[in-house]
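Now for the letters of each chain:
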Amino acid sequence: ILHHHIAAVEKLPLTTSGCPLVIQCKNFRIVHFVVPRERDCHDIYNSLLQLSRTAKYEELYAFSYNPKQNESEQVKGWQLIDLAEEYKRMGVPNSNWQLSDANRDYKICETYPKELYVPRTASKPIIVGSSKFRSKGRFPVLSYYHKNKEAAICRCSQPLSGFSARCLEDEHMLQAISKANPSNRYMYVMDTRPKLNAMANRAAGKGYENEDNYSNIRFQFVGIENIHVMRSSLQKLLEVSGTKGLSVNDFLSGLENSGWLRHIKAVLDAAVFLVKAIAVESASVLVHCSDGWDRTSQVCSLGALLLDSYYRTIRGFMVLIEKDWISFGHKFSDRCCQLDGDPKEISPVFTQFLESVWNLTEQFPQAFEYNEAFLLQIHEHVHSCQFGNFLGNCQKEREELKLKEKTYSLWPFLLDEQKRYQNPLYNPDFSPELTLLEPNTVSFNFKFWRNMYHQFDRSMHPRQSVFNLIMNMSEQNKQLEQDIKELEAKIKQRNGQSDAFSVKEHQQPAHPAPLALKTPPCFKKEQPLIPVNDAVRTIEGSNAADNRYSEFVSEFSKAEPAVVSLEYGVARMTC
Amino acid sequence: MEFAELIKTPRADNVVLHRPFYLAVEGTLCLTGHHLIFSSRRQDNAEELWLLHSNIDSIEKRFVGSLGTIIIKCKDLRIIQLDIPGMEECLNIASSIEALSTLDSVTLMYPFFYRPMFEIIEDGWRSFLPDQEFELLSSVTDEWRLSCINKEFSVCPSYPPVVIVPKSIDDEALRKVAMFRHGSRFPVLSYYHKKNGMVMMRSSQPLTGTNGRRCKEDEKLINATLRPGKRGYIIDTRSLNVAQQARAKGGGFEQEAHYPQWRRIHKCIERCESLIKLVEACNDQSHNMDRWLSKLEASNWLTHIKEILTAACLAAQCIDREGASVLVHGTEGTDSTLQVTSLAQIILDPRCRTIRGFESLVVREWLQAGHPFQQRCAQSAYSNSKQKWEAPVFLLFLDCVWQILRQFPCSFEFNEQFLIMLFEHAYASQFGTFLGNNENERSKLKLLQKTMSLWSWVNRSEELCKFQNPLFEANSLVIWPSVAPQSLQLWEGVFLRWNRPSKFLDEAHEEMISIIKYNKELQAKVNALRRQLAEMETDDRMQENL
């Protein structure tokens, strides 16, 4: 177990067999140890506590991790995802949108990236003025541009409106955004917070846009709860799912009380609202919450994912995360507790995003190039601190840490093992004329994500995974196609030869050898695909019976190999 | 009685059919003795809907001006709406449907009128006979015999004419045991585990009453199934409390003192009243997450699933792991008992996971064992007039099978559709298989002569191919399902079948099947090519030798 993955260590009361030690991980693995001597246990406990709480970035695993890449590969890895390229793909800059250099030295907004796209009509004074009127200086900028509809998703933080303050530049800024959209004069302003929270913020001199002060806006609250609610919601969920000998009703009422699925649904509902505004009304949308880096990132990225099939490819999904999460300053370091910091800053906002995506993959099994393992792997590495991508809270901080020189990027590694993350059912032409996904958000569509929260409790998962089977089969199909080609070529060649056989006898000895080489794989392939592994099970979950599944064939377990090998790597490093 | 008397308006034009997720269609509605037929003959979109009256669970009517609306709720949980112009027509049609869907007499049911349009290759009524089953058994053990004691249904009205009992117990003893068991359901063989010779028996509760009656023959009978020095388990599907209360009504349970070689375990499977609540929750299209989860919880459906699976796993564990014989019973031994014995067999016996094996299991453990299908499946989730003998016992069993199927998707020869088909036919069918409450009633109704068996239809290759699981690879092992709440799922194929668009899921499923098919084709081709190459090889070598 990677030290960075440890979320909590707990010492339980002494028992006859020794001192139990429970380690809870950020990837939802829970490990129980029994240490025979209490003193040892105490030492281990203290060391783990210290090791899992890193004070400085430089002590994180990413700075010591060495995947045997040379420098040029490292540089190339970091260049793999190029956001300028991505904006070009969307169709900006264009006659309405331009690249602004206002934030070149992070002067206007520390938590934004350097390159920002704004409406052409928004001059620098407007930008500066607007940023002064927005919390943390996060003024409205482009997040996604929909080429066909000419509509944009923009993002910002809450206005510092208090009860009556207004700012002409900010009003101009919003007008510039709605004017940049020739197809619809109106624009939507989505405040992703519950109305009550937004109103409370007014007392602190913050708040939300007054529809009277801004021309042609339609203002809408969508009611996603804040990071503290989400944190305690996950806490409750984990308490329920971690209970032993759980009854169905306790599970369901626990699930209900945690509110977790309700929050996931709220996030997805907000994204659906955004998508409707763009796809149906061709209206631009400005999204914000309080600081514009949690709920705003969720809604903007999910909206783009629903609108644009590119983000449903493996590479596109990486781009989406780079853009809406990493570059726009989602505070990964604080939210995932990479350093020993304020526990009130921790929140599973990104996990919720991944879970929303997973829910979509369940509803549209053919629309996504990637599979569940891909989402789980990304989740793993957001917390592992093994790669530089998710370190720090914003781009400025990352530059100061010189992450691009000192650490490696996760994306090339994921691309290298792409095969494992491919969805065998993916159909790139899925609803061709309409790349838009319209998910059904009736409650029964939202399910508990067992493979996330019980990733390591193998006993709970289906013994045979249809998905893995199909994945192997479609992989095997490619190999078989290859084999057929080879065999046909060989037969052809042989036919040619046997015609010529009587003439050229000396060619003969060359033939048996290749066949002999070819036979072993053929026998291997004809073996049944399903491992015989049912013999070692008991009634799981009904009682406290221990898990007797040791002979489980690793290939068929969920996303195990990579995790294990990664941990071996760590084990070696820390020993 | 003539059906024509009940049909006041046999036909109505310009009727509009509404179904969720489909466009409304206009067409003609016809009523026949057994069907409601809706057909639209528009050129671009000709379609027909045939609905058995016996499939209709409830019917509601509404009026807006002269436009009448009938909402029909079916036993397979589908809901359709028909807009019928004309107040009188609408009222007539509604009352006709109501009358036709609640016919009292079994002999008026469709199976007695249905004439098959297919060629009968194998008579399903003769596909699964007890003699065949016994023949299989006697090839591995000679400790059991086929008793014809119930030939005229004289000893136990809900048992089949022949039953399998220990060889050492004669018919006279059986008669005495029958007097000691509720409804005369004396212990009979349910399953023989070839691997270790352990058995599972089922019966009803013993009639010990308050003063602790005992029956020497009963003790002898069940002890006859034990190996010397071995113990057995009695799995009572009631809680200890309920079992104790049963004594006041003359029932009871086996006292340790009288059955010293047996350990009694109470695994409570409560009688399920929750289908209505579950279906109501599933039909609620509102977007409130908390309400959905609390309704799902309040329905208790998944709790029942867990209870039943747990009891079945326990029975299977006693047999396979502990090497002990098991006797299963509840009160009457016609409901929860059968759920446990049949599911335990699916866990233990690979044969029950094949199509034919599963059909045979349903025949043995449900139809012949006297599960009162007609009473239990009289109504489904929408009926207003709920009778106390109605309960979704068989549906719960199918749901449990589906849960295991989901956890072992490659170990079953049949697919989800097969289970859904059985669910539909248990509630409304053109076949006689699920009519009547036991073999006694079936023989009185002369179903064998007068109706067609479901199995005659299913077991033809045209139908079978729809129910085959492309991933099936025979698995000879015992399969232990997980019963953790996180592992159990709502059976969407039944409960959300009509409530959500399934286009994307269906397409994905088709894609999956085509990948599997393609894989098989490629493998066959590779093998053929290899063979060809090898033949050429030997030819060459022979030539060389020449």
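Residues numbered from 1 in each chain as written. Chains lettered and ligands numbered in written order. Predicted model: local features only at pLDDT ≥ 70, side-chain atom pairs only at ≥ 80, totals over all residues. Heavy atoms only, no water.

### Notes on the overall build of chain B
- Along its length, chain B carries 20 helices and 14 strands.
- For a compact globule of 546 residues, the expected C-alpha radius of gyration is about 24 Å, and chain B comes in at 26 Å, within 12% of that figure.
- Structurally, chain B occupies a C-alpha span of about 90 × 80 × 50 Å along its principal axes.
- In chain B, buried positions account for 60% of the 546 residues.
- A total of about 22900 Å² of accessible surface is found on chain B, and carbon and sulfur atoms cover 51% of it.
- Across chain B, 64 positive and 68 negative side-chain charges occur, with their mean positions spaced 6 Å apart. (Helix = DSSP H or I, 4+ residues; strand = E, 2+ residues; numbered from the N terminus. Rg over C-alpha atoms; globule rule 2.2 N^0.38 Å. Buried < 20%, exposed > 50% of the residue type's maximum accessible area, 1.4 Å probe, protein only. Areas by Shrake-Rupley, 256 points an atom, 1.4 Å probe, with all protein chains shown as cover. Lys, Arg positive; Asp, Glu negative; His and termini not counted. Charge placed at Lys NZ, Arg CZ, Asp CG, Glu CD.)

### Some details on the nonpolar core
- Within the largest apolar cluster, 232 residues are counted, with the highest numbers of intra-cluster contacts made by A:Phe317, B:Phe358 and B:Phe495.
- Among the elements that make up this core, the one with the highest residue count is helix 10 (residues 260-279) of chain A (14 residues).
- Dropping the residues within four chain positions of it, A:Phe317 is found in contact with A:Leu305, A:Tyr310, A:Tyr311, A:Phe353, A:Leu354, A:Val357, A:Tyr370, A:Phe374, A:Leu375 and A:Ile378.
- Formed by 30 residues, the second largest nonpolar core is a distinct cluster that contains B:Trp144, B:Val188, B:Tyr192 and B:Cys215. (Core = buried A, V, L, I, M, F, W, Y, C linked by side-chain atoms within 4.5 Å. Contact = heavy atoms within 4.5 Å.)

### Here we look at the sheet that holds strand 2 (residues 25-31) of chain B
Residues and elements named next belong to chain B.
- The strand order 4-3-2-1-7-6-5 describes an open sheet built from seven strands, whose pairing is antiparallel. Either end of the sheet is taken by a strand with one partner, and the two such strands are strand 4 (47-52) and strand 5 (56-64). The mean angle between the axes of side-by-side strands here comes to 30 degrees, regardless of whether they run parallel or antiparallel.
- Direction of pairing for strand 1 (residues 11-18) relative to strand 2: antiparallel, over a ladder of five bridges. From the neighbouring strand, leucine 17 faces strand 2, where its bridge partner is valine 25.
- Those strands touched by helix 2 (residues 87-101) are strand 1, strand 2, strand 3 (35-40), strand 5, strand 6 (67-74) and strand 7 (79-85), and its axis lies near 165 degrees from that of strand 5. (Pairing = 2+ DSSP bridges. Axes fitted to C-alpha atoms, helices over the stretch in contact; angles between N-to-C directions.)

### Considering the UniProt feature "active site" (unreviewed entry) in chain A
Residue and element names in this part refer to chain A.
- Under the present numbering, the feature "active site" (unreviewed entry) in UniProt falls on Cys289.
- Examined against the element boundaries, cysteine 289 turns out to sit in the loop between strand 10 (284-288) and helix 11 (295-307).
- The buried category is assigned to cysteine 289, whose relative accessible area is 2%.
- In contact with cysteine 289, other than residues within four places in its own chain, are Cys156, Ser157, Gln158, Asp191, Thr192, Arg193, Asp294, Arg295 and Thr296. (UniProt positions renumbered as here; feature names shortened; annotations may be inferred.)

### Overview of the interface of chain B and chain A
- Each partner contributes to the interface: chain B provides 73 residues, whereas chain A provides 75 residues.
- At the boundary of chain B with chain A, total buried surface from both sides reaches about 6800 Å², with 64% on carbon and sulfur atoms.
- Across the contact surface, chain B and chain A share four salt bridges.
- Elements that contribute at least two residues to the side of chain B that touches chain A include exactly helix 8 (289-299), helix 9 (301-320), helix 13 (393-407) and helix 20 (503-545) of chain B.
- Here the side of chain B that touches chain A gets 24 residues from one element, more than from any other, and that element is helix 20 of chain B.
- Among the residues making up the side of chain B that touches chain A, the classes are represented as 35 nonpolar, 22 polar and 16 charged. (Buried area = accessible area lost by both parts, 1.4 Å probe. Salt bridge = Lys/Arg side-chain N within 4 Å of Asp/Glu carboxyl O. Nonpolar A, V, L, I, M, F, W, Y, C, P; charged D, E, K, R; others polar.)

### Some points on the packing of aromatic side chains
- Taken as a whole and assessed by the stated rule, the structure comprises 56 aromatic pairs over all chains.
- Ring plane angle 50 degrees and centroid distance 5.5 Å describe the contact between A:Phe374 and A:Tyr421, whose orientation is recorded as tilted. One end of the pair, A:Phe374, is in helix 15 (residues 372-384); the other, A:Tyr421, is in helix 19 (residues 418-421), and 47 residues separate them in sequence. As far as burial versus exposure is concerned, A:Phe374 and A:Tyr421 are alike and both buried.
- Their ring planes at 40 degrees and their centres at 5.1 Å tell us that B:Phe414 and B:Phe418 sit as a pair that is tilted.
- An aromatic cluster is defined as three or more aromatic residues linked by ring pairs; in this entry it consists of A:Phe317, A:Trp325, A:Phe332, A:Phe350, A:Phe353, A:Phe368, A:Tyr370, A:Phe374, A:Phe390, A:Trp411 and A:Tyr421.
- The ring centre of A:Tyr311 lies 5.4 Å from the NZ or CZ of A:Arg89, which sits over that ring.
- Seen from the ring of B:Tyr22, B:Arg19 lies directly overhead, with NZ or CZ sitting 4.6 Å from the centre. (Phe/Tyr/Trp six-rings, centres within 6.5 Å; stacked < 30°, edge-to-face > 60°. Lys NZ or Arg CZ within 6 Å of the ring centre and 35° of its normal.)

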